[in-house]
Structure formats: structure tokens, C-alpha cells
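Report on the structure
Listed below, chain by chain, are the residues.
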Amino acid sequence: MLSIDPKEISTKKLHGYLLGAVAPRPIAFASTIDEKGNPNLSPFSFFNVFGANPPLLIFSPARRVKNNTTKHTLDNAVATKEVVINVVNYDIVQQMSLSSTEYPEGVNEFKKAGFTMLPSDKIKPFRVAESPVQFECKVNDVVFTGNEGGAGNLIICEVVKIHVSNNVLADDGSIDQHKIDLVARAGGNYYTRARDGFFEIEKPITSLGIGVDQIPLEIRNSAILTGNNLGVLGNVQQLPTIESVDNFRKEHPEFIGLETTKKHTFAQAYLNNNDVQSAWKVLLLN
């Protein structure tokens with residue numbers, strides 16, 4: 001394993017390791033205005049949601065590594081205390097990328113990237129009309145983490161109004177993750193399209209799983225079952241009853257007397273089809 005002391009490599013190289021490993025990252029498409037009222041639009045992938053009461057979003061326009069300068073978004077947020085954070089979906093990802101070009105101060109990235117400037121209701125910066133969700137925000141605080149190139153500047157924003165396109169809503173009024181079709185940032189030139197990689201995991205907080213430590217040692221030490229497989233097996237509230245295992249034995253005589261590797265392979269196939277109970281029954285067969 002490669003072990004790295006951050007103080008022993010260049011900031012540029014360290015930046016690459018961080019962005020390559022901590023991914024995918026959501027994108028804050030931040031719209032601000034300067035003190036003269038000039039619009040600015042730029043994307044940032046040091047971003048996430050950090051609370052719902054109050055509703056807080058935090059993003060970080062880091063100092064440029066190459067010349068240790070700050071970005072217009074940071075300067076504007078500090079000066080005006082307002083920002084719109086627009087989310088980025090697949091339909092606008094190329095335009096969003098174009099807007100990240102470091103145009104001179106005063107150049108309107110809305111126009112350069114072909115976006116529509118939509119007036120906000122509670123703050124002065126414009127919304128990106130093409131974005132499926134737009135958060136109007138007041139800047140509560142800015143945390144400056146350093147003075148050298150690569151240092152983060154955490155802009156802590158409180159959401160004062162949310163706008164959601166009807167096109168991304170499900171029948172119950174929630175945001176449909178397939179319709180919204182979000183994209184996220186990875187290392188280098190890479191992005192990911194979220195909906196193409198969706199899978200579901202039942203949240204353990206809704207039930208009390210038995211835990212991996214309660215799985216028999218032979219199963220835990222399996223050469224076939226993965227850590228993910230064990231996590232799924234450990235998330236059941238209780239093991240199948242002896243009666244249900246006996247009934248399974250009668251229905252599936254082909255599983256009786258299998259050697260361990262084959263038994264675990266069949267159990268894994270059930271897990272891959274989200275049939276956890278049948279997987280456990282195979283594993284518990286004598």
C-alpha cells in the first residue's frame with residue numbers, strides 16, 4: 001500500500017489524490033453578484049448539505065493552487081452575503097463545465113455558457129433557470145482554513161427559499177432520483193451520472209440487525225462471500241426458524257449435502273437477487 005505524508009508531496013499532487021479518492025462529489029453551481037451588481041456563475045465540488053433545521057449548505061471555493069489567488073465567487077459571497085446554489089443534472093453538465101473557464105472579472109458566465117438568468121425571490125443573485133433545483137441562500141459565515149494555494153474557504157449558507165422543477169417530481173411530490181438525473185464530480189476529468197449507478201440498501205437504523213459478529217465463523221471466513229455479502233446477512237433482525245429451513249430443504253433437495261464452497265456460491269446468488277432469507281436458509285442447511 002502506498003502511504004503518503006501530505007507534508008512531503010506537492011499541493012498539486014496531494015490535490016489529485018484527495019479528489020481521486022473522495023468521490024463522487026455533488027456539484028454546487030454557485031451564482032453570485034459583485035458589489036456593482038455584475039453576475040458570476042461557477043461550479044464547485046467541495047460541497048454538501050449539513051443540516052435541515054436550519055437548512056444549511058456548505059461549499060468551498062478553494063484558493064487556486066497555481067498562483068494562490070481567490071475566486072470571484074468567494075469574493076462576492078464575502079462582500080454581499082448572498083448566493084444561489086443550483087444543482088447540476090446531466091442535461092446541463094457540458095454547459096456547467098464551460099462556465100468553469102476562468103474568465104476575467106466582470107464577464108457574465110451565464111451568457112458564456114448559454115444559461116438563462118432567472119430572478120430570485122429573496123436575494124439578488126440570479127438563479128440558473130435550466131437547473132432542476134435552485135437554493136436561494138444567505139451566507140451565515142465564511143471559514144478561511146489557510147492562506148496558501150489549495151486552502152479551503154467554507155461558505156456556510158442558510159437556505160431561504162427552494163425552487164424545484166415539476167419535471168423532476170414524483171407523484172407524491174418528492175424528488176424522483178431517476179428524473180432529476182444528477183451528476184457528480186470525481187478525479188481528473190471524470191464525472192459520474194448518478195442514476196446509472198443506483199442501487200438500494202435498507203437503512204439499518206430502521207431495524208436492529210443481528211450484526212456480522214453473530215454470523216457463524218465458517219460463514220464469516222468464507223472464501224466466496226464478500227464483506228458486502230456479510231453486511232447484508234448481518235442486517236437481518238433474526239435468523240430463519242428451524243421449521244422454515246426444514247421446509248426449504250424439502251423444496252430444494254439439490255442443496256442438501258453440498259460442500260461449503262458450492263453452498264456459499266448458491267447463497268451468494270440469492271443475495272445478488274436480494275433474497276436474503278433464502279440465502280440464509282441455504283447457509284443453515286446441514
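Here is a short report on the structure shown in this document.

Thresholds applied
Residues numbered from 1 in each chain as written. Predicted model: local features only at pLDDT ≥ 70, side-chain atom pairs only at ≥ 80, totals over all residues. Heavy atoms only, no water. Helix = DSSP H or I, 4+ residues; strand = E, 2+ residues; numbered from the N terminus. Rg over C-alpha atoms; globule rule 2.2 N^0.38 Å. Contact = heavy atoms within 4.5 Å. Buried < 20%, exposed > 50% of the residue type's maximum accessible area, 1.4 Å probe, protein only. Axes fitted to C-alpha atoms, helices over the stretch in contact; angles between N-to-C directions. Parallel < 35°, antiparallel > 145°, perpendicular 65-115°, else oblique. Nonpolar A, V, L, I, M, F, W, Y, C, P; charged D, E, K, R; others polar. Core = buried A, V, L, I, M, F, W, Y, C linked by side-chain atoms within 4.5 Å. Expected span 1.5 Å × (residues − 1). Polar contact = N/O pair within 3.5 Å; in protein donor to acceptor, adjacent residues only side chain to side chain. Salt bridge = Lys/Arg side-chain N within 4 Å of Asp/Glu carboxyl O. Disulfide = S-S within 2.5 Å. Pairing = 2+ DSSP bridges.

1. Examining the overall build of the chain
- Check the secondary structure of the chain and you find ten helices and eleven strands.
- What you see for the chain is a C-alpha radius of gyration of 25 Å, clearly larger than the 19 Å of a compact globule of 286 residues, by over 25%.
- Once the C-alpha set of the chain is aligned to its principal axes, its extents read approximately 80 × 55 × 30 Å.
- For the chain, the share of sequence-separated contacts (at least 6 apart) that also reach a separation of at least 24 residues comes to 60%.

2. Considerations on the environment of L271
- By secondary structure assignment, the location of L271 is in helix 9 (residues 260-272).
- Residue L271 is classed as buried on the basis of its relative accessible area of 8%.
- Separated by 39 residues in sequence, L271 and V232 place their C-alpha atoms 7.9 Å apart.
- If we skip the residues at most four places from it in the chain, L271 touches L225, N229, V232, L233, V276 and A279.

3. Thoughts on the packing of helix 9 against helix 10 (residues 276-284)
- Contact geometry for helix 9 and helix 10: axes closest at 7 Å, N-to-C directions at 170°. The pairing of helix 9 with helix 10 is recorded here as roughly antiparallel in orientation. Residue-level contacts link K263, H264, F266, A267, Y270 and L271 of helix 9 to V276, S278, A279, V282 and L283 of helix 10.
- In the contact of helix 9 with helix 10, the residues fall into eight nonpolar, two polar and one charged.

4. A few points about the nonpolar core
- If you look at the biggest cluster of nonpolar residues, it comprises 21 residues, and the most contacted ones within it are F59, V83, I85, F135 and I155.
- Listing elements by their share of this core, those giving two or more residues are strand 1 (28-33), strand 4 (55-59), helix 2 (72-80), strand 5 (82-86), strand 8 (133-144) and strand 9 (153-164).
- Looking at this core element by element, the count peaks at five residues for strand 8.
- By size, the runner-up hydrophobic cluster in this structure holds 18 residues, among which are L225, V236, A279 and W280.

5. Thoughts on helix 9
- Taking 1.5 Å per residue as the helical rise, helix 9 with its 13 residues ought to reach 18 Å, and the 18 Å between its terminal C-alpha atoms agrees with that figure.
- On the buried face of helix 9, the contacting elements are helix 6 (217-220), helix 7 (227-233), helix 8 (242-251) and helix 10.
- Its side-chain oxygen placed 3.0 Å from the backbone nitrogen of T261, E259 serves as the N-cap of helix 9.
- Looking one or two residues beyond helix 9, the residue adopting positive phi is N274, at roughly 65°.

6. Thoughts on the side chain of S278
- Mapping S278 onto the fold places it in helix 10.
- On the accessibility criterion, S278 (11% relative accessible area) is buried.
- Once you skip the residues sitting within four places of it in the chain, S278 turns out to touch F248 and Y270.

7. Notes on the pattern of salt bridges
- If you walk through the whole model with that rule in mind, you get eight salt bridges.
- A salt bridge links D121 to K161, with the shortest nitrogen-to-oxygen separation between them at 2.8 Å. Within this pair, whereas D121 is found in the loop between strand 6 (117-118) and strand 7 (127-128), its partner K161 is found in strand 9, the two being separated by 40 residues in sequence.
- Residue classification places K161 among the partly exposed positions, given a relative accessible area of 32%.
- Through salt bridges with shared partners, a single network forms among R64, K66 and E102.

8. Description of the state of the cysteines
- Counting across every chain of the model gives zero disulfides.
- No disulfide involves C137; its sulfur sits 4.9 Å from the nearest other cysteine sulfur, which is in C157.
- The buried category is assigned to C137, whose relative accessible area is 0%.

9. Here we look at the pairing of strand 1
- The element strand 1 is largely enclosed, with a buried count of six among its six residues.
- Sheet analysis places strand 1 next to strand 2 (residues 39-44), joined by six bridges and oriented antiparallel. Its bridge partner being in strand 2, F29 is matched across the sheet by P43.
- Once strand 1 ends, the chain turns through five residues before running back antiparallel as strand 2, passing G37 with a positive phi of about 90°.
- Taken together, the three bridges between strand 1 and strand 5 define a ladder with antiparallel strand orientation. Each residue of the ladder has a partner; that of F29, found in strand 5, is N86.

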